[in-house]
Amino acid sequence: MEHLTELQVEKIKSHMMCEEDALKIKFKAKNTEFDTISRPHNEVEDYEKMGYSVVRSSARKTTMTRKKDHGVQFEDDVWCMFYKLGFRILNGDEKLVVQWGANKEDTLQLDVVAVGDDAIFVVECKAAQTAVSHSFKTELNKMELYMDGVAKTLQQIYGKDKRVKFLFASRNYRVNDEDIARMANAGIFHLNDNSFNYINNLIKSYKESVIYQFYGLMFKDELINDEVIKIPVLRGKMGERNYYIFSIEPSTLLKIGFVLHRTRVNDSMAPTYQRLLVPSRLKGITKFIDGGGYFPNSIIINFSAVKEDLKVKFTPIKAQKDSQSEFGFLRIPNAYGIAYIIDGQHRVYGYAQSLHKEDSTIPVVAFESMESEEQLKIFMEINENQKAVSPSLRLDLEEDLYGKSSRLDSRMKALRSSCIKALAANSNHVLYNKISVGEDSSLLAFKPFDTALGRSGLIPKATSTQWTGDTDVCIYNTNETDIDKAMKDSRARITKFIDGGYAIADSIMTEEVKQDYLFSNRATFAFIALLGSLHTYLIKINAINPQSSIPDRIAAIEPYIQHLANSLNNLSDEDNRIIKGVLGQGADTFWLRSYQNIINKKFPEYAPEELVEWKETQDQSLQQEGADRKADIRKQLRTLLFARLEMVYGAKWLNNVAVLKNSVEGRIIKEYGDNDDFDLSEYDWKDYLEVSEYRDVIDKNFSYQEFEEVFAINIGLAFKSKKDKLNWMTLISEPKGKKSSALTRSDLNRLELINTHLANFIDAE
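Remember, predicted model here, so these are calculated numbers, not experimental data. (Residues numbered from 1 in each chain as written. Predicted model: local features only at pLDDT ≥ 70, side-chain atom pairs only at ≥ 80, totals over all residues. Heavy atoms only, no water.)

Asks: Pulling in residues and values, what's your account of the overall build of the protein?
Replies: Helices and strands together make up the secondary structure of the protein, namely 29 helices and 21 strands. Taking 27 Å as the expected radius of gyration for a compact globule of 765 residues, we find that the protein reaches 36 Å, considerably beyond that expectation. Each principal axis of the C-alpha atoms in the protein carries an extent, and together these give about 120 × 90 × 70 Å. Per-residue burial over the protein gives 48% buried out of 765 residues. Of the accessible surface of the protein, which amounts to about 38800 Å², a share of 48% is contributed by carbon and sulfur atoms. Looking at charge distribution, the protein has the averaged site of its 101 positive side-chain charges lying 3 Å from that of its 111 negative ones. (Helix = DSSP H or I, 4+ residues; strand = E, 2+ residues; numbered from the N terminus. Rg over C-alpha atoms; globule rule 2.2 N^0.38 Å. Buried < 20%, exposed > 50% of the residue type's maximum accessible area, 1.4 Å probe, protein only. Areas by Shrake-Rupley, 256 points an atom, 1.4 Å probe, with all protein chains shown as cover. Lys, Arg positive; Asp, Glu negative; His and termini not counted. Charge placed at Lys NZ, Arg CZ, Asp CG, Glu CD.)

Asks: Describe a negative patch on the surface, naming the residues involved and giving the relevant values.
Replies: On the surface, D676, D677, D679 and E682 cluster together into a negatively charged patch. Along the chain, the position of D677 falls in the loop between α25 (658-672) and α26 (691-700). Residue D677 is classed as exposed on the basis of its relative accessible area of 64%. (Patch = residues over 30% accessible without salt bridge, like charges linked within 9 Å, V, L, I, M, F, W, Y side chains within 5 Å. Salt bridge = Lys/Arg side-chain N within 4 Å of Asp/Glu carboxyl O.)

Asks: Can you explain the nonpolar core? Please cite residues and give values.
Replies: By size, the foremost hydrophobic cluster in this structure holds 74 residues, and its most contacted members are V78, F82, F121, F246, I301 and F303. Considering each element in turn, this core owes the most residues, eight residues, to helix α4 (residues 70-85). Excluding anything up to four places from it in sequence, I301 contacts F246, L253, A339, Y340, I341, I342, V364, V365, A366 and F367. If you look at the next biggest cluster of nonpolar residues, it comprises 71 residues, including A414, C419, A486 and Y517. (Core = buried A, V, L, I, M, F, W, Y, C linked by side-chain atoms within 4.5 Å. Contact = heavy atoms within 4.5 Å.)

Asks: Any chance you could break down the side chain of K30 for me, citing the residues and the numbers?
Replies: Locating K30 in the fold gives a position in helix α2 (residues 20-30). For K30, a relative accessible area of 6% corresponds to the buried category. One polar contact links K30 to D76, side chain to side chain, over a distance of 2.8 Å. Among residues more than four places away in sequence, those in contact with K30 are K68, Q73, D76, W79, C80 and E94. (Polar contact = N/O pair within 3.5 Å; in protein donor to acceptor, adjacent residues only side chain to side chain.)

Asks: Just give me the short version of the pairing of strand β18 (residues 339-343), but keep the residues and values in it.
Replies: Counting buried residues in β18 gives five out of five residues, a clear majority hidden from the surface. Relative to β18, strand β14 (residues 257-258) runs parallel, the two sharing two bridges. Paired with F258 across the two strands is Y340, which belongs to β18. Bridge analysis of strand β15 (residues 299-303) against β18 gives four bridges, and the strand direction is antiparallel. (Pairing = 2+ DSSP bridges.)

Asks: If you had to explain helix α7 (residues 193-206) to someone new, which residues and values would you point to?
Replies: Its 14 residues give α7 an end-to-end C-alpha distance of 20 Å, which sits within 8% of 20 Å, the value for a rise of 1.5 Å per residue. In terms of burial, α7 is a largely internal element, 10 of the 14 residues being buried. Along α7, the residues classified as buried are N194, S195, F196, Y198, I199, N200, L202, I203, S205 and Y206. The backbone nitrogen of N194 has a side-chain oxygen 3.2 Å away, supplied by the residue at the start of α7, namely N192. (Expected span 1.5 Å × (residues − 1).)

Asks: Go over the pattern of salt bridges, please, and point to the residues and values.
Replies: Tallied over the full model, the rule gives 34 salt bridges. As a salt-bridge pair, R347 and D343 come within 3.1 Å of each other at their nearest N and O atoms. Taking relative accessible area as the criterion, D343 reaches 10% and is therefore assigned buried. Each of K30, K68, D76 and E94 takes part in salt bridges that share partners, so that together they form one network.

Asks: Describe the packing of helix α18 (residues 521-540) against helix α19 (residues 550-569), naming the residues involved and giving the relevant values.
Replies: Helix packing geometry: the angle between the two helix axes and the distance between the axes. Here α18 crosses α19 at 125 degrees, and the two axes come no closer than 10 Å. It follows from the interaxial angle that α18 and α19 lie oblique. When you trace α18 past α19, the crossing you get is right-handed. On α19, the residues touching F527, L530, L531, L534, H535, Y537, L538 and I539 of α18 are R553, A556, I557, Y560, I561 and L564. (Axes fitted to C-alpha atoms, helices over the stretch in contact; angles between N-to-C directions. Parallel < 35°, antiparallel > 145°, perpendicular 65-115°, else oblique. Left-handed = near helix turned anticlockwise from the far one by under 90°.)

Asks: Describe in detail the environment of N477, supporting the description with residues and values.
Replies: Mapped onto the elements of the fold, N477 is located in the loop between β21 (467-468) and α16 (483-508). N477 gets classed as partly exposed once you look at its relative accessible area, which sits at 42%. It is 31 Å that separates the C-alpha atoms of N477 and S520, two residues lying 43 residues apart in sequence. A polar side-chain atom of N477 sits 3.0 Å from the main-chain amide nitrogen of N479.

Asks: Outline the sheet that holds strand β11 (residues 189-191), listing residues and values.
Replies: Pairing is mixed in the open sheet, where six strands are placed in the order β1-β5-β8-β9-β10-β11. In the strand order of this sheet, the two ends are held by β1 (16-17) and β11, each with one partner. One ladder, built from 12 bridges, connects strand β9 (residues 119-134) with strand β10 (residues 163-175); its direction is parallel. Residue pairing in the sheet places H134 in a bridge with V175 of β10. Strand contacts of helix α5 (residues 137-158): β1, β5 (89-91), β8 (112-115), β9 and β10, with the helix running at about 145 degrees to β10, the strand carrying the most contacts.

Asks: Give me the packing of aromatic side chains: which residues, what numbers.
Replies: Throughout the structure, instances matching the rule amount to 39 aromatic pairs. Measuring from ring centre to ring centre gives 5.9 Å for F82 and F214, while their planes differ by 90 degrees; the resulting arrangement is edge-to-face. Placement of the pair is F82 in helix α4 and F214 in helix α8 (residues 210-218), with a sequence separation of 132 residues. Judged by its relative accessible area of 0%, F82 falls in the buried class. Grouping aromatic residues by their ring pairs yields a cluster made of F82, F87, F121, F214, Y215, F219 and Y336. Directly above the ring of F642 sits K686, whose terminal nitrogen or CZ lies 5.6 Å from the centroid. (Phe/Tyr/Trp six-rings, centres within 6.5 Å; stacked < 30°, edge-to-face > 60°. Lys NZ or Arg CZ within 6 Å of the ring centre and 35° of its normal.)

Asks: Could you give an account of the sheet that holds strand β3 (residues 53-57), naming the residues involved and the relevant values?
Replies: Pairing in this open sheet of three strands is antiparallel, and the strands run β2-β4-β3 from one edge to the other. On the outer flanks of this sheet lie β2 (34-40) and β3, each paired with one strand and no other. Direction aside, neighbouring strands of the sheet carry axes that sit 30 degrees apart on average.

Asks: Tell me about helix α6 (residues 177-186), and please be specific about residues and values.
Replies: An α-helix turns once per 3.6 residues; consequently, residues spaced three or four apart project the same way. Two or three places before E178, at the start of α6, stands the capping residue N176, its side-chain oxygen 3.2 Å from that residue's backbone nitrogen. Phi for G187, located one or two positions after α6, is positive at around 75 degrees.

Asks: An account of the packing of helix α14 (residues 408-425) against helix α15 (residues 447-456) is requested, with residue identities and associated values reported.
Replies: Across the interface, α14 lies against α15 with an axial gap of 10 Å and an inter-helix angle of 125 degrees. In terms of orientation, α14 lies oblique with respect to α15. Taken as a pair, α14 and α15 cross one another with a handedness that is right-handed. From α14, R416, C419 and I420 reach across to α15, where they touch F449, D450, L453 and G454. A class-by-class count of the residues in the contact of α14 with α15 yields four nonpolar, one polar and two charged. (Nonpolar A, V, L, I, M, F, W, Y, C, P; charged D, E, K, R; others polar.)

This is the structure in C-alpha cells:
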C-alpha cells in the first residue's frame, strides 16, 4: 500500500534532478574544492567575514570563493562519484527530506541519493578533517531503524522493482570491527577511504563499462531476478575437477561476472589477483568487435557461490560412450558477482559498449568452486606467457603463491610480501595506506620494502631445504615446525618492530625531512635495512636476545633512531645535496651507509663491517694512495712481461705477440692518425697495452715456469687454478668507459702485496 501522498511525492522529486544540462552544472560546482558565489558589491565585506575571498568583480557583482567544509566536500565527492558512474537521477541539494515512519516526526534528511536503472543508492556521509578512531553505534542504530521506511518511500516514487542499497560513507575515520561486522549483517555497504578510491579508479579504467563491476561490488551474491539462465554445455573433467564449455551473451556475463582486483577492498575474497583494465586497450577492443572482429579463445571463469541456491546445477542429456565428456544443460542463477573472471576481462568488458553485446556469444571455459589459490595459479600461468604481470603485482601475489610452499626460500618470499601488506593495512601503523599494494597506488612503491626486508636480516635467508647465514639475529622462529604458526607469529612481530622504528622517527622528524628521508622510495630501503642492521648489532652485543619481546627490542633501538632523526633534521646543505644527489644503481646502498655513518659518529661502537669498508671508499687520501700504487704495478708489469718473453723465446720473442702488436698499433693509428705530423714509429706500442692484454699474454704463457713464478701472486684468496693465481690483475685494471671501483683498506693492502712481489723480481733482474 502506498503511504505517500501526491504532494509528498512531488516535494521529494523537487529536490531531485534528472535534466542533463542541470546535472552538468551541478557536477561542475560539486567537483571542486571551493564554493563560488556572486553578490552585490555592498555585501562583499559581510561575506569576507564568513571566509570568502574575492576572485573578480564586474560592473554589478563580485565573484567570491570559499574552501568547502570537509563534511560538505565529502558529500560532494560522493555525489560526483555517482554522477561519474553514470547515474542521471540524483538529489539536487542538501534539503532532501523523506518520511520513513508512521509519525510525522519520523523524517530524515538524506545526504546523497542516486537512482539507476536497476537500483537506488542512499548514502549517509561522515567525514573527519584528520584520521581519527570513532564508534558509529548511534548512527548505525538510527540507520537500521529507518532503512525499511526509506526504501519503501523511494520505491513508491521510482518503482517497486528497484532494489535499494544503503551505503555508510566515511572519510578519515578508523571504524572498529564491531561496526564493520554490523554493517555487513545489515546489508549496508561501508564506503570507506579504500573503497571510495577503488571505485574512482574503476571509473578511470572502465569508463562507461564501470557500472557492471560497481553493481557486482554492491550486490555480490544477490539475485538479479528469479529467472535462471539455462545454457547448453559440454562438461569435461581434468583430474578431479569438472569444467564446462559453453557460449554466452556478453550482456549476461557482464552482469553475473566479477573481477577480483588486487586491492584492499577485495581482501575478504583473498587471494585476489587481477589488474585494473587499460582504458585505451578497452576502447580498441570495442572498436575491433564493432568492426566485425572476434576472439576465438575462451574466457576463463570460476563459479564461486557459497550459498546453495546460488550454485550452478548441471543436468546431463546423454553421456558419451567414447568420451568422459557429456552434454547437458547448466542452470546458472541470475545473480551478481557469482562468476569470477580469471582470464579475459578486457575481452568481456570490450563488449560492454559494443553494438553486439546482446546478439553475440563468446566462448567460455568455466570451473566450479575452485579455491582462490588455484585461480591465482591459473592467472599467473596464463599471464606470464602473455602480457607480463607487473613486478609490483607479482611481489604482492607472492604471499598467496608461496605461503604454503614446501620450499623454505619461497615461504620467506611470502613472509616478506605478507609483512609489507600488514604494514600498509593496519590503521594503527605509521605506514598505513602509504604503500602501493596490488592495484592500490600510494606514496611508496612495494619493491623497495621487499628488497630491504630481504637484506635486513630480520627474515632469515634460506635455500629450498635449509636455512643459511645467522638465524639467531632474525625475528623468525626457525625451530617452529608448525608453518602457519611460524608465519603468523613472525609477521606480527616483524611488522610491530618495523612500525616501532618508523614511529620513533616519525615523532621527531620535521614534515619536510620526513618526505625526503623517511617516506620516500629511496629512504625505504635505507631505513628498513638500518633497522635490521641495528637489530643484528644489538643481538651481537647481548643488549637483546632472540627471546626478547618486541617492545624491548624497540626500546633498545630507540636511542639510535632518535639520533638519526635529529641529525637528519639538522643536516647541512652540503650533506643534504650529496645524499640527494646520488641516483641510480648504488643509491640505495649509499643512503643506507649515510644513515649508518650518522649513527656511527654518535655511537662509534656501532661499526658494521660493511660501513667500515664504505667509509674507506669515501677516504680520498686512501683512494689516491691506491691509484698511485696501481700505476707503480702497471709499470713493473710492463717491464717484467717483456723481460720474461725474451727469457723464454730469446730474440724471437716478438713473434709470440705479433698479432697483439698489430692490434695495438691499429688502435694508435685510429686515435692519432688524423694528426698532420703523425708518425707511427714515434709511438712505442708497449706503452699502450691494457691490463686485459697483459693478462692474455700471461695466460697464454703461464705454463712456463718463468711466467708462473713471477705472475702467480697469492693475495689471500683462493689460490688453486690458473684463474685464481691471476686474479690479482682485476685489482689494477681500469674498466673502459666506467668509473673505477672505490678501494677499501683491504684492497690497498693487497696492492702493496702485489707491488712488493713484483718489485722483488725487478730488483733481481
